[in-house]
Amino acid sequence: MPFPSNPSVLITGASRGLGEALCQVFADNGWQTFPLVRHAADAERLKARHPLTCAPIVTDLSGDDAKATISAALAAHASALDVLINCAGFAGSATLLSEVTSAEIDSLFQVHCLGALRATQAAMPWLLRAGQPFVVNISSRLGSLSKNASGEFADGSFSYAYRMAKAAQNMFSVCLAQEFAASGLSVFSVHPGRIQTRSGAAGADLSAPAAAERFYRWLQKQPPSPQCRYVEPEVGELPW
Ligand SMILES: NC(=O)c1ccc[n+]([C@@H]2O[C@H](COP(=O)([O-])OP(=O)(O)OC[C@H]3O[C@@H](n4cnc5c(N)ncnc54)[C@H](OP(=O)(O)O)[C@@H]3O)[C@@H](O)[C@H]2O)c1
């Protein structure tokens, strides 16, 4: 169990789906939570559930302004941050070259990849003050170059933008782990399972609370790792 007795976690994309379920399970287990949401109404709803230990952050990760908002919130409430979970993200739609637009690709990169980058840049001073900090980028099996190249997702049902953005986010995870290996930071790129959310694919078999519980159980057992790992909790490693 690598975490201190009063641990803290910042979770992006906490208004619904997996992010909201993660926020609930960490808060129920006594963690101080910093759910990042885009709308004040979502912030109020989450804070009402755990008024003493939940400090929502309201910002949109698709702009650089998010960094100052995140830093200010952490400065007001925490001296250190144990875990950052970059969970915000959404599915793309265009699955054909003739349909895909730069605007769609840009909008997904702004959240999956640059949003994770911005949140991590803002949170890094607090992460580096924790004993054994973790950054978890919620990735997808669809970000695996190996799986895509072997034809596993070649049936035409998955978008260019989503697969490109998750592959880029995976590269961010690897770069980050290498830069901060000597600082004790552990970085994971996690496929959370196929979850029944607004962004979930057809055939999703896990509820968001079940996926969040599984992730939480798994995280408790992870030793610090200087090497970036690409994992599905309680299932195993994925090929990059
Ligand atoms: N569902 C699956 O089967 C599955 C599988 C593999 C990976 N994932 C990954 O898991 C993560 C969570 O997905 P989900 O299934 O829980 O999706 P979801 O229910 O659609 O939730 C997406 C979340 O991202 C937030 N978000 C979107 N754009 C944002 C922005 N610009 N700034 C801040 N927040 C933003 C949304 O906020 P609003 O409510 O304000 O829109 C919402 O909280 C994603 O990274 C997804 O790629 C999901």
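Residues numbered from 1 in each chain as written. Predicted model: local features only at pLDDT ≥ 70, side-chain atom pairs only at ≥ 80, totals over all residues. Heavy atoms only, no water.

(A) Examining the packing of aromatic side chains more closely. Considering all chains together, one arrives at eleven aromatic pairs under this definition. On the basis of an interplanar angle of 90° and a centroid distance of 4.8 Å, the ring pair of Phe26 and Trp31 is categorised as edge-to-face. For Arg129, the ring lying beneath its charged end belongs to Trp126, and the centroid distance is 5.3 Å. (Phe/Tyr/Trp six-rings, centres within 6.5 Å; stacked < 30°, edge-to-face > 60°. Lys NZ or Arg CZ within 6 Å of the ring centre and 35° of its normal.)

(B) Broad picture of the site of the ligand. Near the ligand there are 31 residues, and of these Ser15, Arg38, Tyr162, Thr197 and Ser199 occur at the shortest range. Within the side chain of Thr197, a nitrogen or oxygen atom sits 2.4 Å from an oxygen atom of the ligand. Relative to its unbound accessible surface of 910 Å², the ligand loses 94% to contact with the protein. When each cavity is represented as a set of grid points, the ligand is found to reside in the largest pocket. For the shell around the ligand, the secondary structure elements donating two or more residues are helix H1 (17-28), helix H4 (102-127) and helix H6 (160-180). Here the residues of the shell around the ligand sort into eleven nonpolar, 14 polar and six charged. (Near = heavy atom within 4 Å. Polar contact = N/O pair within 3.5 Å; in protein donor to acceptor, adjacent residues only side chain to side chain. Areas by Shrake-Rupley, 256 points an atom, 1.4 Å probe, with all protein chains shown as cover. 1 Å grid on protein atoms, 1.4 Å probe; cavity = no way out; pocket = protein on both sides within 12 Å on 5 of 7 lines; lining within 4 Å. Sits in = over half its atoms within 2 Å of the grid points. Helix = DSSP H or I, 4+ residues; strand = E, 2+ residues; numbered from the N terminus. Nonpolar A, V, L, I, M, F, W, Y, C, P; charged D, E, K, R; others polar.)

(C) The pairing of strand E7 (residues 229-232), seen in detail. Of the two faces of E7, both are covered, the one formed by Arg229 and Val231 as well as the one formed by Tyr230 and Glu232. Across three bridges, strand E6 (residues 186-190) lies against E7 in parallel orientation. Looking across to E7, one finds that Val190 is bridged to Val231. A crossover links E6 with its parallel partner E7, the connecting element being helix H7 (residues 208-220), and its sense is left-handed. The sheet contact formed by E7 and strand E8 (residues 236-237) spans two bridges and is antiparallel. Bridging across to E8, Glu232 finds its partner in Gly236. In this antiparallel pair of consecutive strands, E7 and E8, the connection spans three residues, and Glu234 shows a positive phi of 60°. (Buried < 20%, exposed > 50% of the residue type's maximum accessible area, 1.4 Å probe, protein only. Pairing = 2+ DSSP bridges. Right-handed = clockwise from strand over helix to strand, strands pointing away.)

(D) Structural context of a nonpolar patch on the surface. A grouping of Leu97, Tyr160 and Met164 is seen on the molecular surface, where their side chains present a nonpolar patch of about 300 Å² in accessible area. Considering the arrangement of structural elements, one finds Tyr160 in helix H6. The partly exposed category is assigned to Tyr160, whose relative accessible area is 32%. (Patch = residues over 30% accessible without salt bridge, like charges linked within 9 Å, V, L, I, M, F, W, Y side chains within 5 Å. Salt bridge = Lys/Arg side-chain N within 4 Å of Asp/Glu carboxyl O.)

(E) Summary view of the sheet that holds strand E4 (residues 83-86). The strand order across the open sheet built from eight strands is E3-E2-E1-E4-E5-E6-E7-E8, with neighbouring strands paired in mixed fashion. This sheet does not close on itself; its edge strands, each paired only once, are strand E3 (57-58) and E8. Pairing geometry for strand E1 (residues 8-12) and strand E2 (residues 32-37), over five bridges, is parallel. Paired with Ser8 across the strands is Gln32, a residue of E2.

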